[in-house]
Amino acid sequence: MYWLLSKVAHLVVALSAINVALTPSGYNVCANQSFIGACGQYMMIGSYVIGACGLICLFHIFYKFSSCKE
């Protein structure tokens with residue numbers, strides 16, 4: 001179960017990072033008018049989900065570093 005949650009969190013964070021990286025070039029999926037019209041009421045919930053996935057990824061990284069045996 002934890003493995004699946006970790007993989008989903010990494011996928012969400014990776015897609016969010018790509019969206020943020022493309023924003024300066026003028027391509028922002030979340031700012032697209034059709035996307036906002038269809039999902040406008042869910043944007044705040046989406047932000048919380050992305051933040052939670054970021055925390056899961058951060059904890060996963062710390063867990064991996066702390067469990068390394070040298």
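Predicted model only: the values in this text are computed from it and were never measured.

## Considering the overall build of the chain
- Counting secondary structure elements, the chain contains three helices and zero strands.
- Secondary structure elements of the chain occur, N-terminal to C-terminal, as α-α-α.
- Burial analysis of the chain (70 residues in total) assigns 10% to the buried set.
- Surface summary for the chain: the accessible area is close to 5,700 Å², and the carbon and sulfur share equals 75%.

## Quick notes on helix H1 (residues 2-22)
- Between its terminal C-alpha atoms H1 stretches 30 Å, which fits the 30 Å expected from 21 residues at 1.5 Å a residue.
- By the burial criterion, the buried members of H1 are Ser-6, Ala-9, Ser-16 and Asn-19. Looking straight down H1, one finds its buried side chains confined to an arc of 155°; they lie on one side. Structural note: H1 exposes Trp-3, Leu-11, Leu-15 and Ala-21 on the side pointing more than 90 degrees away from its buried face.

## Remarks on the side chain of His-60
- Mapping His-60 onto the fold places it in helix H3 (residues 43-66).
- We classify His-60 as buried; its relative accessible area is 14%.
- With residues near it in sequence (within four places) discarded, His-60 still touches Tyr-2, Ser-6 and His-10.

## Describing the packing of H1 against H3
- The geometry of H1 relative to H3 is characterised by a closest axis approach of 8 Å and an angle of 120° between their N-to-C directions. Between H1 and H3, the interaxial angle falls into the category oblique. Regarding H1 and H3, the two cross each other, and that crossing is left-handed. Contacts between H1 and H3 pair Tyr-2, Leu-5, Ser-6, Ala-9, His-10, Val-12, Val-13 and Ser-16 from the former with Ile-50, Cys-53, Gly-54, Ile-56, Cys-57 and His-60 from the latter.

Here is what the cut-offs are and how they apply
Residues numbered from 1 in each chain as written. Predicted model: local features only at pLDDT ≥ 70, side-chain atom pairs only at ≥ 80, totals over all residues. Heavy atoms only, no water. Helix = DSSP H or I, 4+ residues; strand = E, 2+ residues; numbered from the N terminus. Buried < 20%, exposed > 50% of the residue type's maximum accessible area, 1.4 Å probe, protein only. Areas by Shrake-Rupley, 256 points an atom, 1.4 Å probe, with all protein chains shown as cover. Expected span 1.5 Å × (residues − 1). Arc of directions from axis to C-beta. Contact = heavy atoms within 4.5 Å. Axes fitted to C-alpha atoms, helices over the stretch in contact; angles between N-to-C directions. Parallel < 35°, antiparallel > 145°, perpendicular 65-115°, else oblique. Left-handed = near helix turned anticlockwise from the far one by under 90°.

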